Amino acid sequence: MKENRLRRTYRISILEGIFAQIYGTLCTIGSGFIVKLLVMLHASPLQFSFLSAIGQVSQVFAPVGVAVNHHLKNRKRTCVQITFIGRFLTLFLGLGFIYANPHKGIIFVLLLLFFSAAFQSVGANIWIAWISEIVPLRIRGRFFARRNQILLVAGLLVSYIISYSLDLFETDRGMFKQNLISKLQAVSFFQSQNQAWFLSGVFVIATLLSLYGLRV
């Protein structure tokens with residue numbers, strides 16, 4: 001019975017982890033696509049410094065997860081609820097493009113990322129405690145090693161596909177990309193003015209996938 005529970009936990013953890021990895025690759029601090037978003041909004045070096053700092057400052061909230069964890073009767077429900085809030089916020093990253101003043105759009109994006117990272121930092125600590133209760137210490141190393149290997153491959157594949165797709169919107173694309181666009185009959189779509197809409201859609205889809213992963 002316990003062995004079956006472990007196998008089921010492993011399968012679910014892998015499946016949910018793939019959704020989470022795709023989300024992390026596309027929508028969280030440290031993602032090249034977040035950097036691309038700020039580049040398109042014409043962020044200054046100082047604002048990029050704030051982006052880097054957010055990842056560190058958000059870790060201040062990690063002890064909150066540890067403190068809350070000691071008083072929880074249902075770690076799973078609390079973990080899912082807190083993580084849901086953190087991930088849901090990134091659904092609106094693309095709204096940074098609608099500001100007439102790009103500076104205000106950048107501030108909006110940075111604030112979203114800060115609160116998103118803070119909630120997810122708390123949720124991650126609760127998740128570690130929850131999963132550690134289920135997976136015995138003797139196999140925990142193998143459990144996370146195999147899981148991380150699969151998630152890494154998923155993240156790399158998605159990152160490459162989306163990066164390549166974003167490059168198709170650039171005006172200085174090469175001959176191979178020009179031919180690909182022609183074969184797809186999508187010349188009118190892959191215009192530089194549509195790149196912001198495409199990137200916004202990437203954030204929306206990635207966030208929705210991650211929320212479905214939480215349901216799993």
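Quick notes on the rules
Residues numbered from 1 in each chain as written. Predicted model: local features only at pLDDT ≥ 70, side-chain atom pairs only at ≥ 80, totals over all residues. Heavy atoms only, no water. Core = buried A, V, L, I, M, F, W, Y, C linked by side-chain atoms within 4.5 Å. Buried < 20%, exposed > 50% of the residue type's maximum accessible area, 1.4 Å probe, protein only. Contact = heavy atoms within 4.5 Å. Helix = DSSP H or I, 4+ residues; strand = E, 2+ residues; numbered from the N terminus. Disulfide = S-S within 2.5 Å. Phe/Tyr/Trp six-rings, centres within 6.5 Å; stacked < 30°, edge-to-face > 60°. Lys NZ or Arg CZ within 6 Å of the ring centre and 35° of its normal. Axes fitted to C-alpha atoms, helices over the stretch in contact; angles between N-to-C directions. Parallel < 35°, antiparallel > 145°, perpendicular 65-115°, else oblique. Left-handed = near helix turned anticlockwise from the far one by under 90°. Nonpolar A, V, L, I, M, F, W, Y, C, P; charged D, E, K, R; others polar. Expected span 1.5 Å × (residues − 1).

Student: Break down the nonpolar core for me, citing the residues and quoting the values.
Tutor: Nonpolar side chains in soluble globular proteins generally cluster together in the buried interior. In this structure, Leu26, Leu38, Leu93 and Phe203 are the most contacted members of the largest nonpolar core, which totals 27 residues. Leaving out residues up to four positions away in the same chain, phenylalanine 203 has contacts with Leu26, Cys27, Phe33, Ile34, Leu37, Thr90, Leu93 and Gly94.

Student: Account for the side chain of arginine 147, naming residues and giving values.
Tutor: Looking at where arginine 147 falls in the secondary structure, it is placed in helix α7 (residues 137-167). Residue classification places arginine 147 among the buried positions, given a relative accessible area of 8%. When near neighbours in sequence (up to four residues on either side) are disregarded, arginine 147 contacts Tyr10, Ser13, Ile14, Glu16, Gly17 and Trp127.

Student: Any chance you could break down the state of the cysteines for me, citing the residues and the numbers?
Tutor: Counted under the stated rule, the structure contains zero disulfides. Its sulfur unpaired, cysteine 27 is 18 Å from the next cysteine sulfur, which belongs to cysteine 79. Take cysteine 27: its relative accessible area is 1%, and that puts it in the buried class. Looking at cysteine 79, the relative accessible area reads 4%, which means it is buried.

Student: How would you summarise the packing of aromatic side chains if you had to cite specific residues and measurements?
Tutor: In total, this model carries 13 aromatic pairs according to the counting rule given. The interplanar angle of 85 degrees and the centroid separation of 5.4 Å between the aromatic rings of phenylalanine 19 and tyrosine 212 together place this pair among those described as edge-to-face. Residue phenylalanine 19 is found in helix α1 (residues 2-27), and its partner tyrosine 212 is found in helix α9 (residues 195-215); the two are separated by 193 residues along the sequence. Owing to a relative accessible area of 15%, phenylalanine 19 belongs among the buried residues under this scheme. Aromatic side chains phenylalanine 88 and phenylalanine 92 sit 5.4 Å apart centroid to centroid with 80 degrees between the ring planes, which places their arrangement in the edge-to-face category. Its relative accessible area of 33% is what places phenylalanine 88 among the partly exposed residues. Of the residues examined, phenylalanine 92 reaches a relative accessible area of 31% and is grouped as partly exposed. Among the aromatic residues, ring-to-ring pairing joins Tyr10, Trp127, Phe143 and Phe144 into one connected group. A cation sits over an aromatic face here: lysine 177 above tyrosine 164, 5.1 Å from the ring centre.

Student: Pulling in residues and values, what's your account of the packing of helix α2 (residues 32-40) against helix α6 (residues 102-134)?
Tutor: One can describe the packing of α2 onto α6 by two numbers: an axis separation of 10 Å at closest approach and a directional angle of 160 degrees. Relative to α6, α2 is oriented roughly antiparallel. Like other packed secondary-structure pairs, α2 and α6 cross with a definite hand, here left-handed. Two secondary-structure elements touch here, α2 through Ile34, Leu37 and Leu38 and α6 through Ile106, Val109, Leu110 and Leu113. Grouping the amino acids of the contact of α2 with α6 by side-chain chemistry returns seven nonpolar, no polar and no charged.

Student: So, the side chain of serine 200: which residues are in play, and what are the values?
Tutor: Within the secondary structure, serine 200 sits in helix α9. The exposure class assigned to serine 200 is buried, which follows from its relative accessible area of 13%. Setting aside its immediate chain neighbours within four residues, serine 200 contacts Gly94 and Phe97.

Student: Lay out α7 with the relevant residues and their values.
Tutor: Over its 31 residues, α7 extends 45 Å from the first C-alpha to the last, a length consistent with the 45 Å expected when each residue adds 1.5 Å. By the burial criterion, the buried members of α7 are Ile139, Phe143, Arg147, Leu151, Ala154, Gly155, Val158, Ile162, Ser165 and Leu166.

Student: Lay out the environment of threonine 207 in plain terms, naming residues and giving numbers.
Tutor: Checked against the element boundaries, threonine 207 lands in helix α9. Taking the relative accessible area as the measure of exposure, threonine 207 reaches 0% and is therefore buried. Note: C-alpha distance between threonine 207 and leucine 26 (181 residues apart in sequence) is 8.9 Å. Beyond its immediate chain neighbours, meaning those up to four positions away, threonine 207 contacts Tyr23, Cys27, Arg87, Phe88, Thr90 and Leu91.

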